[in-house]
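# Architecture at a glance
What follows is the residue order along each chain.
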Amino acid sequence: MTNLRPPLMPGSTFGKYHLRRLIGSGGMGRVFEALDTTKGRVVAVKVLPEQLADDPVYRARFRRESHIAALLQEPHVIPIHDYGEIDGLLYIDMRLVHGDSLRTVLKTHGPLPPEQAVSVISQIAAGLDAAHHDGLVHRDIKPDNILLTHDGFAYLADFGLANTNTDERLTQTGSAIGSFNYMAPERFRAGPASPAVDVYALACVLHECLTGTRPYSTDGGDAAVMRAHMIELPPRTSSYAPGIPAAIDAVVARGMAKSADERYASAGELAAAAHAALASSTADAEDHSPLAVHEYDPTVAAHPSPRATSTPEARSVSAPRHRPRRLWIAAA
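The following refers to the structure shown. Sequence order as written defines residue numbering, which begins from 1 separately in each chain. A pLDDT threshold of at least 70 governs which residues receive local features in this predicted model, and a stricter bar of 80 or more applies before side-chain atom pairs are shown or counted, although totals over entire chains, interfaces and linings include all residues. In computing side-chain values, all of the structure's heavy atoms are included and hydrogens and water are not.

## Let's talk about the packing of helix 3 (residues 114-133) against helix 4 (residues 195-211)
- In this analysis, axes come from line fits to C-alpha atoms, helices being fitted only over the stretch in contact, and the angle between any two N-to-C directions falls in the range 0 to 180 degrees. For the purposes of this entry, the term helix denotes a DSSP run of H or I that reaches at least four residues, the term strand denotes a run of E that reaches at least two, and both are numbered from the N terminus. Contact pair helix 3 / helix 4: the axes reach a minimum separation of 10 Å and the direction vectors enclose 165°. As judged from the angle between their axes, helix 3 and helix 4 are roughly antiparallel. Crossing handedness for the pair helix 3 and helix 4: right-handed. The residues of helix 4 that touch helix 3, namely those facing Pro114, Ala117, Ile121, Ile124, Ala125, Leu128 and His132, are Pro195, Asp198, Leu202, Val205, Leu206, Cys209 and Leu210.
- Ten residues, namely Ala, Val, Leu, Ile, Met, Phe, Trp, Tyr, Cys and Pro, are considered nonpolar, four, namely Asp, Glu, Lys and Arg, are considered charged, and the remaining ones, Gly among them, are considered polar. Looking at side-chain class alone, the contact of helix 3 with helix 4 contains 12 nonpolar, 1 polar and 1 charged residues. For this classification, under 35 degrees means roughly parallel, over 145 means roughly antiparallel, 65 to 115 means roughly perpendicular, and everything else is oblique. Here a crossing is called left-handed whenever its near helix is offset anticlockwise from the far helix by less than a right angle, and right-handed whenever the offset is clockwise. In this analysis, two residues are considered to be in contact whenever any of their non-hydrogen atoms come within 4.5 Å of each other.

Take a look at the structure:
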């Protein structure tokens, strides 16, 4: 059945959508920049891969993502316009975001200045707290699923691995769901995921924002990473580079506590602790900030333009100087 479907590609039509170009792909789908011909707007359309469209497990996961993401109205969660099924393929119609993934920003420009790192974490924490309030756990927090606009506004994307707190794990394919580099120790054991796994992953992302590296080395492969999350102490983030406040070490350590009960009670609490760590630091930010190296303009945050302050995207602590031109949305 699947092989009889014409392949989706730029220039083809998918229901009411004219697909302009492929802008992302991953295990749970492909994302196209598309024109919604009925509403006359350009959107991002995420489509389940053809070879998985007839798999009931993957179809259930995709429907769950659509339903969860559509219900979340928090500004830092990617807005969902519509979702459904066309020609036997499931799809989600999302806002097309001007910007880049946090992963791309870190690869291109290196670690973020502490103030901006904490700003990104705080924005994503707001989205997570809203999801957790509704009983939803993301389970795949990582830089790839965080989008940054050119004004520094952060979006949380891809709830494809989310589940309700009371549900059994939706898929049992024989492997863990999510990204090993950001998985809480309890994720490697059987049982439902709680909001604490997102707090753990967000602490991992905070460390990576500040240092440009993941918490544990991947030299030994997945098995070594799993072992590290299970038994190794959290990294001392401040030891990676000058200018990172020593007080942030305790924040990362508590966020990455092996026991879920010892972590911050919410993502917002982790973000607040990170803010407090910055405030308590006596280091001169001008002496230690790598702004020139990473192409960030300190005047953007200190003296925002009238236009910038008129939009919600501009209300972050600091904004990157570079302005990514390409359009991006998570597909993994």
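After that view, the rundown keeps rolling.
## Here's the deal with the pairing of strand 5 (residues 80-86)
- When DSSP locates at least two bridges between a pair of strands, those strands are taken to pair. Bridging between strand 5 and strand 6 (residues 89-94) involves 6 bridges; their strand directions are antiparallel. Residue pairing in the sheet places Glu85 in a bridge with Leu90 of strand 6.
- Between strand 5 and the antiparallel strand that follows it, strand 6, lie 2 residues; Asp87 among them carries a positive phi value of about 50°.

## A word on the packing of aromatic side chains
- Centres within 6.5 Å are what make two rings of Phe, Tyr or Trp a pair, Trp counting through its six-membered ring; a difference in plane orientation under 30 degrees is then read as stacked, over 60 as edge-to-face, and the rest as tilted. Per the stated rule, a full pass over the model turns up 4 aromatic pairs.
- Note on Tyr17 and Tyr91: the rings are 5.6 Å apart at their centroids and 65° apart in plane angle, and the pair reads as edge-to-face. With Tyr17 in strand 2 (residues 17-26) and Tyr91 in strand 6, this pair connects stretches of sequence that are 74 residues apart.
- You can call Tyr17 buried: its relative accessible area is 0%.
- Exposure classes here rest on a 1.4 Å probe applied to the protein chains alone. A residue is buried below 20% of its type maximum, exposed above 50%, and partly exposed in between. Since its relative accessible area comes to 7%, Tyr91 is described here as buried.
- Among the aromatic residues, those joined into a cluster by ring pairs are Phe14, Tyr17 and Tyr91.

## Description of helix 7 (residues 267-280)
- With 14 residues, helix 7 ought to run about 20 Å at 1.5 Å a step, and its terminal C-alpha atoms sit 20 Å apart, in line with that.
- For helix 7, every residue scored as buried is listed here: Ala267, Leu270, Ala271, Ala273, Ala274, Ala277 and Leu278. All buried residues of helix 7 lie within an arc of 160° about the axis, which places them on one face of the element.
- Its buried side turned inward, helix 7 meets helix 3, helix 4 and helix 6 (248-255). One less than the residue count of a helix, multiplied by 1.5 Å, gives the span that helix is expected to have. Directions pointing from the helix axis toward each C-beta atom define the arc.

## Looking at helix 1 (residues 56-71)
- With 16 residues, helix 1 extends 23 Å from end C-alpha to end C-alpha; this agrees with the ideal 22 Å at 1.5 Å per step.
- Those residues of helix 1 that sit buried are Arg59, Arg61, Phe62, Arg64, Glu65, Ser66, Ile68 and Ala69.

## A look at the nonpolar core
- The term nonpolar core refers to a set of buried residues drawn from Ala, Val, Leu, Ile, Met, Phe, Trp, Tyr and Cys, joined through side-chain atoms within 4.5 Å. Leu102, Leu206 and Val251 are the most contacted members of the largest nonpolar core, which has 52 residues in total.
- Going through the elements one at a time, helix 2 (102-109), helix 3, strand 8 (136-137), strand 9 (146-149), strand 10 (154-156), helix 4, helix 6 and helix 7 are the ones with two or more residues in this core.
- Broken down by element, this core gets its largest block of residues, 11 residues, from helix 4.
- Grouped together as the second largest cluster of nonpolar side chains are 30 residues, Leu8, Phe32, Tyr91 and Leu147 included.

## Details of the sheet that holds strand 5
- As summarised here, the arrangement of the 6 strands in space is 1-2-3-4-6-5, forming an open sheet in which the pairing is antiparallel. Edge positions in the sheet fall to strand 1 (13-14) and strand 5, since each has one partner strand and no second.

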